[in-house]
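So you can see what is in the structure, the chains are spelled out below.
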Amino acid sequence: MSAFFSQGGYAFFVWGAYGMVLVLFVAEILQLRAQRRTILARLGRLIRMRDSGVKQ
């Protein structure tokens, strides 16, 4: 098991690469969620503006 985790002496680079990919995946997910909220908020404002201008 220790040989697996030491990765032939390159453990710092191997596990560091896995850690960096994990951090970037989490950052991407958070950025996409924030972007989605922004788009939905803008669409909501546009719909409210459109509906408030319509007289029935």
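Located above this text is the structure these notes cover.
Below, the structure is looked at part by part. (Residues numbered from 1 in each chain as written. Predicted model: local features only at pLDDT ≥ 70, side-chain atom pairs only at ≥ 80, totals over all residues. Heavy atoms only, no water.)

## Observations concerning the overall build of the protein chain
A count of helices and strands for the protein chain gives two helices and zero strands. Compactness check: the protein chain gives a C-alpha radius of gyration of 23 Å against a globular reference of 10 Å for 56 residues, more than 25% above the reference. Counting the 56 residues in the protein chain, one finds 2% classified as buried. Accessible surface for the protein chain amounts to roughly 5500 Å². Of this, 69% is attributable to carbon and sulfur atoms. (Helix = DSSP H or I, 4+ residues; strand = E, 2+ residues; numbered from the N terminus. Rg over C-alpha atoms; globule rule 2.2 N^0.38 Å. Buried < 20%, exposed > 50% of the residue type's maximum accessible area, 1.4 Å probe, protein only. Areas by Shrake-Rupley, 256 points an atom, 1.4 Å probe, with all protein chains shown as cover.)

## Focus: the packing of aromatic side chains
Under the counting rule described, the total for this entry stands at three aromatic pairs. For the ring pair Phe 4 and Trp 15, a centre distance of 6.0 Å and an interplane angle of 75° mean the geometry is edge-to-face. Residue Phe 4 is found in helix H1 (residues 2-6), and its partner Trp 15 is found in helix H2 (residues 11-53); the two are separated by eleven residues along the sequence. Under the relative-accessibility criterion, Trp 15 is labelled partly exposed at 34%. Relative to Tyr 18, the ring of Trp 15 has its centre 5.5 Å away and its plane inclined at 45°; by these criteria the two rings are tilted. Taken together, the residues Trp 15 and Tyr 18, both in helix H2 and three residues apart, mark about one turn of the helix. Taken together, the ring pairs connect Phe 4, Trp 15 and Tyr 18 into an aromatic cluster. (Phe/Tyr/Trp six-rings, centres within 6.5 Å; stacked < 30°, edge-to-face > 60°.)

## Concerning unusual backbone geometry
Phi is positive for Gln 7, which is not a glycine, with a value near 55°. With respect to the helices and strands, the residue Gln 7 is situated in the loop between H1 and H2. By relative accessible area, which is 27% here, Gln 7 ends up partly exposed.

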